[in-house]
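Now for the letters of each chain:
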Amino acid sequence: MSTNDYPKAIFYDSKTTIFDWHDQWMQAIDQILEEYSADVDRHAFRDRWASYMGGYFHRAAFSEYRDLNPCIRDGLVDTFNYYGIDGDPSDMSYFTDLYEEVYPFEEASEALAKQQEYTEVWTFSNVESEYLDMMVDKLDMEPDFVGTMEDAGHIKPSPNAYRWVLEQNGMDADEVLYCAAPIFDVNGAMSFGMKCAYLNRPEQEWVEPQRDPHYVVSDLMELADMLEDGELTPPERTEPGVRVE
């Protein structure tokens with residue numbers, strides 16, 4: 001453990017935090033736009049698709065649970081409709097077939113292994129288990145806990161997803177530091193009562209969280225160094241929905 005015995009675990013998001021799936025998006029979109037000879041900016045298509053998909057899985061987080069694949073498919077259909085493309089819902093396979101090509105960020109394996117010298121490392125993903133398993137197998141270390149929306153039957157940022165992970169590991173929110181790049185996940189974790197490190201990589205546009213994150217890091221090694229140096233301090237109290245000071 002670190003000097004102050006906090007955190008007992010670092011709880012990570014997976015995609016865009018540990019694993020870089022930018023190329024997966026762009027390769028899939030390039031193939032789709034080429035198939036339909038669509039004169040659409042690839043980045044605009046990506047942002048539109050991601051926005052629609054996010055809407056569907058946030059609805060599933062707080063309404064009726066669904067796996068991620070139907071959310072990807074329905075988001076793609078909405079994007080086709082937005083751009084007037086007569087596309088096929090099955091074209092989502094251009095995206096899902098590329099999960100096996102999603103790799104960890106360059107520093108991830110070394111940084112997470114270094115963190116394990118002091119604390120447990122967990123990851124939970126809003127993705128089906130078969131896909132997260134493909135990604136985790138590419139790490140040169142083994143997380144202490146791996147879970148998915150499919151395992152939990154809950155999707156972040158629902159508090160039930162964070163609660164499920166904590167219960168599986170027998171820990172409370174005030175014992176765990178959360179780390180994520182997606183801003184909805186940062187907001188969700190802090191609202192649940194965990195201290196949070198916002199991972200804002202140099203290529204990532206700053207997005208303002210609803211509350212000030214407790215830490216901001218540019219990569220996972222920076223967080224490992226902070227852990228080693230005892231710079232991560234425990235909260236004084238934790239209450240769901242109340243920012244920890």
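Preceding block: the structure.
A brief report on the enclosed structure follows. Bear in mind the structure is a predicted one, so any value in this text is a computation, not a measurement. (Residues numbered from 1 in each chain as written. Predicted model: local features only at pLDDT ≥ 70, side-chain atom pairs only at ≥ 80, totals over all residues. Heavy atoms only, no water.)

Re a negative patch on the surface
So, step 1. A cluster of acidic residues, Glu130, Asp133, Asp137, Glu150 and Asp151, forms a negative patch on the protein surface.
So, step 2. Looking at the negative patch, the elements that each hand over two or more residues are helix H6 (129-136) and helix H7 (149-152).
So, step 3. Structurally, the position occupied by Asp151 is in helix H7. (Patch = residues over 30% accessible without salt bridge, like charges linked within 9 Å, V, L, I, M, F, W, Y side chains within 5 Å. Areas by Shrake-Rupley, 256 points an atom, 1.4 Å probe, with all protein chains shown as cover. Salt bridge = Lys/Arg side-chain N within 4 Å of Asp/Glu carboxyl O. Lys, Arg positive; Asp, Glu negative; His and termini not counted. Charge placed at Lys NZ, Arg CZ, Asp CG, Glu CD. Helix = DSSP H or I, 4+ residues; strand = E, 2+ residues; numbered from the N terminus.)

Digging into empty space enclosed by the protein
So, step 1. Evaluation of the coordinates by the stated rule reveals one cavity of 30 Å³ or more.
So, step 2. In this structure, the largest cavity spans a volume of roughly 40 Å³.
So, step 3. Around the largest cavity sit Asp20, Asp23, Gln24, Gln27, Leu98, Glu101 and Val102, which together line it.
So, step 4. In terms of residue count, the dominant contributor to the lining of the largest cavity is helix H1 (residues 22-35) (three residues).
So, step 5. Considering only residue class, the lining of the largest cavity consists of two nonpolar, two polar and three charged. (1 Å grid on protein atoms, 1.4 Å probe; cavity = no way out; pocket = protein on both sides within 12 Å on 5 of 7 lines; lining within 4 Å. Points joined across faces, edges and corners; volume = space filled by probe spheres on them. Nonpolar A, V, L, I, M, F, W, Y, C, P; charged D, E, K, R; others polar.)

Brief notes about the pattern of salt bridges
So, step 1. Across all of its chains, the model carries nine salt bridges by this definition.
So, step 2. Between Arg42 and Asp30 there is a salt bridge, and its shortest N-O distance comes to 2.8 Å. Taken together, the positions of Arg42 in helix H2 (residues 42-62) and Asp30 in helix H1 put the pair twelve residues apart, joining distant regions of the chain.
So, step 3. Here Arg201 ties to Glu107 by a salt bridge, and the two come within 3.0 Å at their closest N and O atoms. Remark: Glu107 occurs in the loop between strand S3 (103-104) and helix H5 (108-115) and Arg201 occurs in the loop between strand S7 (195-199) and strand S8 (215-217); sequence separation between them is 94 residues. For the pair Arg201 and Glu107, one class covers both residues: buried.
So, step 4. If you follow the salt bridges from partner to partner, you end up with Asp13, Lys156 and Asp185 in one network. (Buried < 20%, exposed > 50% of the residue type's maximum accessible area, 1.4 Å probe, protein only.)

Points about the packing of aromatic side chains
So, step 1. Counted according to the given criterion, the structure contains 22 aromatic pairs.
So, step 2. Look at Tyr36 and Phe80: their rings are 5.7 Å apart centre to centre, the planes differ by 70°, and that puts the pair in the edge-to-face class. With a gap of 44 residues between them, Tyr36 in the loop between H1 and H2 and Phe80 in helix H3 (residues 68-83) connect regions that are remote in the sequence.
So, step 3. In this structure Tyr36 comes out as partly exposed when scored by relative accessible area, which is 25%.
So, step 4. Relative accessible area serves as the criterion here: at 2%, Phe80 is assigned to the buried category.
So, step 5. Considering the side-chain rings of Trp122 and Phe145, the 6.4 Å spacing of their centres and the 70° angle between planes classify their relative orientation as edge-to-face. Placement of the pair is Trp122 in strand S4 (residues 120-125) and Phe145 in strand S5 (residues 145-148), with a sequence separation of 23 residues. Of the two residues examined, Trp122 and Phe145, each falls in the buried class.
So, step 6. One aromatic cluster is present, built from ring pairs that chain together Trp21, Trp25, Tyr36, Phe45, Trp49, Phe80, Tyr82, Tyr83, Phe95, Tyr99 and Tyr131.
So, step 7. Note that Lys15 overlies the ring of Trp21, its terminal NZ or CZ placed 5.0 Å from the centroid. (Phe/Tyr/Trp six-rings, centres within 6.5 Å; stacked < 30°, edge-to-face > 60°. Lys NZ or Arg CZ within 6 Å of the ring centre and 35° of its normal.)

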